[in-house]
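# Structure at a glance
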There are 2 protein chains.
Amino acid sequence: MSPAPRTKPAHEPATAELAVSTVIFALHTEAGAALPSLWLPLVRRTREPFQGQWALPGGWLPVDEELGKAAARTLNETTGLTPKYLEQLYTFGALDRSPGRRVVSVVYWALVQSDEAARAAEGENVRWFPADDLPALAFDHNLIVDYALWRLRTKLEYSRIAHAFLGEMFTLAQLREVHEAVLQRPLDPANFRRTIEASKTVIATDEYLAGTPHRPPRLYRFDSTIDPADLGPLGRATPGKAS
Amino acid sequence: MSPAPRTKPAHEPATAELAVSTVIFALHTEAGAALPSLWLPLVRRTREPFQGQWALPGGWLPVDEELGKAAARTLNETTGLTPKYLEQLYTFGALDRSPGRRVVSVVYWALVQSDEAARAAEGENVRWFPADDLPALAFDHNLIVDYALWRLRTKLEYSRIAHAFLGEMFTLAQLREVHEAVLQRPLDPANFRRTIEASKTVIATDEYLAGTPHRPPRLYRFDSTIDPADLGPLGRATPGKAS
DNA sequence: CATCTTATGGTCGATCTGACTTGAAGGCAA
DNA sequence: TTGCCTTCAAGTCAGATCGACCATAAGATG
């Protein structure tokens, strides 16, 4: 599902080939836009099949590398990013998803902090796209992104993953903005505050954000004793978990 | 992750090997037990590693077979079962999960109807176990079952998968019994009725179950226009979906 | 027919949610 | 300096939801 196959078999391989890819989300405020929205980095394919088209970052799975590690490594090699959150999404293995060969892709999804995403290199072969308005991608990657988007939006409501878009300290307005951007609808500030406080996932500090043209908002931090992901039995010491 | 590797490499393979396994759940009422509980069929390994230990049904992935099809086929070959529900669970790929080689397993989970499970063959090398009280299994299969159990219990609350344990027509008491068995706690009959009716997932027929020693309960059927799984974009025409 | 059991429908109060109001606390402009 | 503007933060209120519980219905059984 990516740039370079380890070997180039002249004949049909006797077994499926295993690749790892990652859907990476970051929030980005477009110039002129009021709200931030979800963007993701794609890499341009430099060889057949789908040469020249955009695709998810990824690569073949080395025999001696964990799945999550391979996802983190390949996405870092191509985009320079280091995600704050990384979770397995789904494994895609349809027979016809790669012309002429059988490739099974274990796909991860990742969230990166906004400022980290801003630092990320854009180049000839790496570019950010708005998640809701993508071109036709290589392979079945449009479907994969759709599914990742759906998972992100669904999971945001019952877990703490919004954390991954923010830094160490943040205001409730910033946290609300993350939710609004992902869910694509405005949330009542007062009700949002009440909900978050009831969830006990954030801790109020006694610091305030200064320099605003209005009343300074209190800064919060996340309660790090709470598992952000809600993976059940996989949440603890486990395989498949990113480094 | 299963009986027979296609080839027996004398040296370390150049790439990870791909297997498919399935966690199969059925409800079974133990003799003397009041409530039914979750059981699952395991197969005894007939060769190393873990020879003699119990493991999930599965097998190597053929190059020319869809993931879900391979799961359905291998579980049918070993247990004779045909599940009513089959969904991808997770892909396990830790380096040390199979001694001496790298195996990545795409694991599915399945639900079978109670009467189908009753017909299923038990034999020397296939036996049913209570899901909450398993022996030490081969590989990382205990972890896999734990995760599948967690997913089943979590998903039951927001989807319609309880359907898969029942036949075409059923009473609300039978549906409630499924929920009670999976969640392992009693549910108030009146409140359960109210919740189910509000969800609009079942359709009342004008037939009643006769022969009970009390007031005959009305029979219901599921609204087949509703997707039972809630898979988002993967819910429609998709890869990875079972046959 | 009296009694037993589950089915089915309804009440009551606690809790949750969304819409909205009110006062607080800064910066900013006249 | 003094209002005014904005957002912060706390509170109110009505409708929806949910669990605990009560009451009646409708069959079987002896």
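Please read all numbers here as calculations on a predicted model, not as lab measurements.

About the thresholds
Residues numbered from 1 in each chain as written. Chains lettered and ligands numbered in written order. Predicted model: local features only at pLDDT ≥ 70, side-chain atom pairs only at ≥ 80, totals over all residues. Heavy atoms only, no water. Near = heavy atom within 4 Å. Polar contact = N/O pair within 3.5 Å; in protein donor to acceptor, adjacent residues only side chain to side chain. Helix = DSSP H or I, 4+ residues; strand = E, 2+ residues; numbered from the N terminus. Nonpolar A, V, L, I, M, F, W, Y, C, P; charged D, E, K, R; others polar. UniProt positions renumbered as here; feature names shortened; annotations may be inferred. Axes fitted to C-alpha atoms, helices over the stretch in contact; angles between N-to-C directions. Parallel < 35°, antiparallel > 145°, perpendicular 65-115°, else oblique. Contact = heavy atoms within 4.5 Å. Salt bridge = Lys/Arg side-chain N within 4 Å of Asp/Glu carboxyl O. Buried < 20%, exposed > 50% of the residue type's maximum accessible area, 1.4 Å probe, protein only. Least-squares fit on C-alpha atoms with pLDDT ≥ 70 in both. Domains from an automatic or database assignment. Buried area = accessible area lost by both parts, 1.4 Å probe.

### Examining the protein's contact with DNA strand C
- In the vicinity of DNA strand C lie 18 residues, with A:Asn191, A:Arg194, B:Arg193, B:His214 and B:Arg218 positioned nearest.
- B:Arg193 places a polar side-chain atom, nitrogen or oxygen, 2.4 Å from a phosphate oxygen of DNA strand C.
- Mapped by element, the contributors of at least two residues to the surface near DNA strand C are helix 5 (189-199) of chain A together with helix 4 (172-183) and helix 5 (189-199) of chain B.
- Grouping the amino acids of the surface near DNA strand C by side-chain chemistry returns 6 nonpolar, 4 polar and 8 charged.

### A short note on the UniProt feature "domain: Nudix hydrolase" (unreviewed entry) in chain A
- Per the UniProt record, "domain: Nudix hydrolase" (unreviewed entry) is found at residues 15-153 of chain A.
- Taken end to end, residues 15-153 of chain A has its terminal C-alpha atoms 35 Å apart, with 23% of it in helix and 34% in strand.

### As for unusual backbone geometry
Residue and element names in this part refer to chain A.
- In this chain, Glu48 is followed by Pro49 through a cis amide linkage whose omega measures -5 degrees.
- By secondary structure assignment, the location of Pro49 is in the loop between strand 2 (37-44) and strand 3 (54-55).
- Phi is positive for Gln184, close to 60 degrees, though the residue is something other than glycine.
- The backbone of Asp230 shows a phi angle near 65 degrees, a positive value even though the residue is not glycine.
- Here Asp230 shows up in the segment after strand 9 (218-222).

### Quick notes on the packing of helix 4 (residues 172-183) of chain A against helix 5 of chain A
All names here are of chain A.
- Two elements in contact, helix 4 and helix 5, have axes separated by 10 Å at closest approach and are oriented at 100 degrees. One finds that helix 4 runs roughly perpendicular with respect to helix 5. In this structure, helix 4 contributes Leu172, Leu175, Arg176 and His179 to the contact, and helix 5 contributes Pro189, Phe192, Arg193 and Ile196.
- Residue classes in the contact of helix 4 with helix 5 are distributed as 5 nonpolar, 1 polar and 2 charged.

### Quick look at the pattern of salt bridges
Residues and elements named next belong to chain B.
- Counting across every chain of the model gives 26 salt bridges over all chains.
- Close ionic contact of Glu116 with Arg119 constitutes a salt bridge, the shortest N to O distance being 3.5 Å. With Glu116 and Arg119 both in helix 2 (residues 114-119), this residue pair falls 3 residues apart, about one helical turn.
- Residue class for Glu116 comes out buried when judged on its relative accessible area of 16%.
- You can call Arg119 exposed: its relative accessible area is 62%.
- Here Arg185 ties to Glu157 by a salt bridge, and the two come within 3.8 Å at their closest N and O atoms. With Arg185 in the loop between helix 4 and helix 5 and Glu157 in the loop between helix 3 (141-156) and helix 4, the pair connects residues that are 28 residues apart, well separated along the chain.

### Points about the relation of the copies chain A and chain B
- Superposing chain A onto chain B takes a rotation of 180 degrees plus a shift of 0.0 Å along the axis, which leaves an RMSD of 0.1 Å. What we have between these two chains is a two-fold relation.
- When you check the interface residues of chain A against chain B, 100% turn up at the interface there too, and the contact is symmetric in its surfaces.

### A look at the protein's contact with DNA strand D
- Around DNA strand D, the structure places 18 residues, and the nearest of them are A:Arg193, A:His214, A:Arg215, A:Arg218 and B:Asn191.
- When atoms of DNA strand D within 4 Å of the protein are sorted by moiety, sugar and phosphate together comprise 57%.
- In the environment of DNA strand D, a base nitrogen lies 3.2 Å from a nitrogen or oxygen atom belonging to the backbone of B:Pro213.
- Looking at the surface near DNA strand D, the elements that each hand over two or more residues are helix 4 and helix 5 of chain A together with helix 5 of chain B.
- Its residues assigned to classes, the surface near DNA strand D shows 6 nonpolar, 4 polar and 8 charged.

### Quick word on the domain arrangement of chain A
All names here are of chain A.
- When the domains of chain A are assigned, the result is domain 1 (17-157) and domain 2 (161-222).
- Using C-alpha coordinates to define each centre, domain 1 is positioned 27 Å away from domain 2.
- The interface is formed by 19 residues belonging to domain 1 together with 16 residues belonging to domain 2.
- A combined buried area of about 1,500 Å² lies between domain 1 and domain 2, and 71% of that area is made up of carbon and sulfur atoms.
- Considering only the side of domain 1, the residues that lose the most area to domain 2 are Leu27, Arg153 and Leu156, jointly responsible for 36% of the buried surface there.
- At the boundary of domain 1 with domain 2, the tally comes to 1 salt bridge.
- Between the two partners, domain 1 and domain 2, sit 4 residue pairs in polar contact (both at pLDDT 80 or more).
- Of all the secondary structure elements, the ones that give two or more residues to the side of domain 1 that touches domain 2 are strand 1 (17-28), strand 6 (103-111) and helix 3 (141-156).
- At 4 residues, the largest contribution of residues to the side of domain 1 that touches domain 2 is made by helix 3.

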